Amino acid sequence: MIYLDNSATTKLDDRVREAMLPYFIEEYGNASSIYDLGRHARIALEEARTTVANAIGAEESEIIFTSGGTEANNHAIKGTAFQARDKGKRFEQLSIITSAAEHHAVLEPCEFLSSFGVATTKLNVNDRCQVDTEELASRLSADTTLVSIMSVNNEIGSINPVGEIARRTKELAPQALVHTDAIQALGKIAIDVKELNIDLLTLSAHKVHGPKGIGALFIRRGIMIEPLLHGGAQERNRRGSTENVALAVGFAKAVTIMREEWNERMAHLSILKHYLLHELKTMPEIVLNTPDEDSVNSIVNFTFQKDLLPKIDGEALLIRFDLEGIAVSNGSACTSGSLQPSHVLMAMGKGDDVARKSVRVSISKDTKADDLDAFLGVLRKLMTELA
Ligand SMILES: Cc1ncc(COP(=O)(O)O)c(C=O)c1O
């Protein structure tokens, strides 16, 4: 199988698996226990926390491990709203600004809070899938509680100006917290929470060859948000539940390797992406959805010329690639199971047709040029059949 869906998840690195194994077998202690076995677990957990913190310029006390990116996003968004309510505000007095192109793990917690009366504004994105900071500025007010804008879009690969978003927010609505879902940014662009001046930031391990089921939420020192999980004093009272030491160790190992191999990975991704773009641009049937500028090197999203679209069935297209042994997606399939039009492409102003009939190719350190050639071969064959 040729795997070109690395934005959905990545293959676990063998070295990560090796690092985790002892914590599934002999080092099974509870990190809160005071005896030796527990202390081993605690040491491993805290080392993992330091590693993840260092990767984004944070301090270890600013990182809490979660069950994944979805939980971290839910914690950031609901935790901020509940904290404001704890401080005496009513939900009706709170206001969240996000974008229409966010992952469902941001959009749905916002919708959940809307059902309690929290005002939610979804900023438009432009045709390059980026938020306009001027539009953000015009929406900020004394009521704004939270601004949550993703660093990198998971379907298109566009990079948002998160530093500028934080700067404008601090300037115009200093009471508001700024959160970014940086899941697709980790391992693709440098992240420095101090430089970005961000308050809350979400990461997930399985997008960087780490294990599934673990993520992290950065909470800037001094900021209090309400926990999502009550029932234990773990994670400095910010997330109840016995810590998953093995997965934390795996996350840290994945991050360590990512940093050690940074230069070669960046070069590898860049060469492959530009090769793919070059080849796609030679095909008159193809229209790129991913912009050339301000996008990561891991994602290429494209659709087809207008006159070809009626002949294409988006779902059948993906199944056809699957039958040819190639795993690609349309970017939104991972959450739906059945093919819904992509809300991201719709937010970019593309029609329903394009939102149903686009393909996302996402690559990683494991992708080879031959994989892309095999994909391009099938794509060319399909185009000939449709002509
Ligand atoms: C941008 C973005 N946010 C959130 C998530 C959800 O993360 P997790 O699978 O770790 O819950 C994903 C993964 O699909 C993502 O790409």
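So, how was this worked out
Residues numbered from 1 in each chain as written. Predicted model: local features only at pLDDT ≥ 70, side-chain atom pairs only at ≥ 80, totals over all residues. Heavy atoms only, no water. Helix = DSSP H or I, 4+ residues; strand = E, 2+ residues; numbered from the N terminus. Buried < 20%, exposed > 50% of the residue type's maximum accessible area, 1.4 Å probe, protein only. Contact = heavy atoms within 4.5 Å. Salt bridge = Lys/Arg side-chain N within 4 Å of Asp/Glu carboxyl O. Pairing = 2+ DSSP bridges. Axes fitted to C-alpha atoms, helices over the stretch in contact; angles between N-to-C directions. Lys, Arg positive; Asp, Glu negative; His and termini not counted.

*Asks:* Break down the environment of Ala 81 for me, with residues and values.
*Replies:* Counting through the fold element by element, Ala 81 comes out in helix 3 (residues 69–86). On the basis of relative accessible area, Ala 81 is assigned to the buried category, the value being 4%. In this structure, the C-alpha to C-alpha distance between Ala 81 and Leu 372, residues 291 residues apart in sequence, is 45 Å. Once residues lying within four places of it in the same chain are set aside, the contact partners of Ala 81 are Phe 91, Leu 94 and Leu 113.

*Asks:* Can you lay out unusual backbone geometry for me, pointing to particular residues and giving the numbers?
*Replies:* You will see that His 209, though not glycine, has its phi angle at about 65°, which is positive. Its place among the elements puts His 209 in the loop between strand 7 (200–204) and strand 8 (215–219). Among the residues examined, His 209 registers a relative accessible area of 4% and is labelled buried.

*Asks:* Which residues make up the pattern of salt bridges, and what are the values?
*Replies:* Evaluated as defined, the whole model comprises 31 salt bridges. Put simply, Arg 15 and Glu 261 hold a salt bridge, and the shortest N to O gap is 2.9 Å. Of this pair, Arg 15 sits in helix 1 (residues 14–24) while Glu 261 is found in the loop between helix 9 (245–260) and helix 10 (262–281), placing the two residues 246 residues apart along the sequence. The class for Arg 15 is partly exposed, based on a relative accessible area of 37%. For Glu 261, a relative accessible area of 15% corresponds to the buried category. Look at the salt bridges and you will find they share partners, linking Asp 13, Arg 15, Glu 261, Arg 265, Lys 365 and Asp 366 into a network.

*Asks:* Break down the sheet that holds strand 10 (residues 299–304) for me, with residues and values.
*Replies:* One open sheet holds the three strands; their spatial order is 9-10-12, and the pairing between them is antiparallel. Two strands in the sheet have a free side with no partner beyond their single neighbour: strand 9 (286–288) and strand 12 (359–362). Neighbour-to-neighbour, the strand axes of this sheet turn through a mean angle of 35°, independent of strand direction. In this structure, strand 10 lies alongside strand 12, joined through four bridges in antiparallel fashion. Directly across from Ile 299, in strand 12, lies its bridge partner Ser 362.

*Asks:* Explain the side chain of Glu 27 to me, and be specific about the residues and the numbers.
*Replies:* Tracing the backbone shows Glu 27 in the loop between helix 1 and helix 2 (36–55). Although Glu 27 is buried, it forms no salt bridge, and the closest oppositely charged side chain is Arg 39 at an N-O distance of 11 Å. Once residues lying within four places of it in the same chain are set aside, the contact partners of Glu 27 are Pro 22, Leu 37 and His 40.

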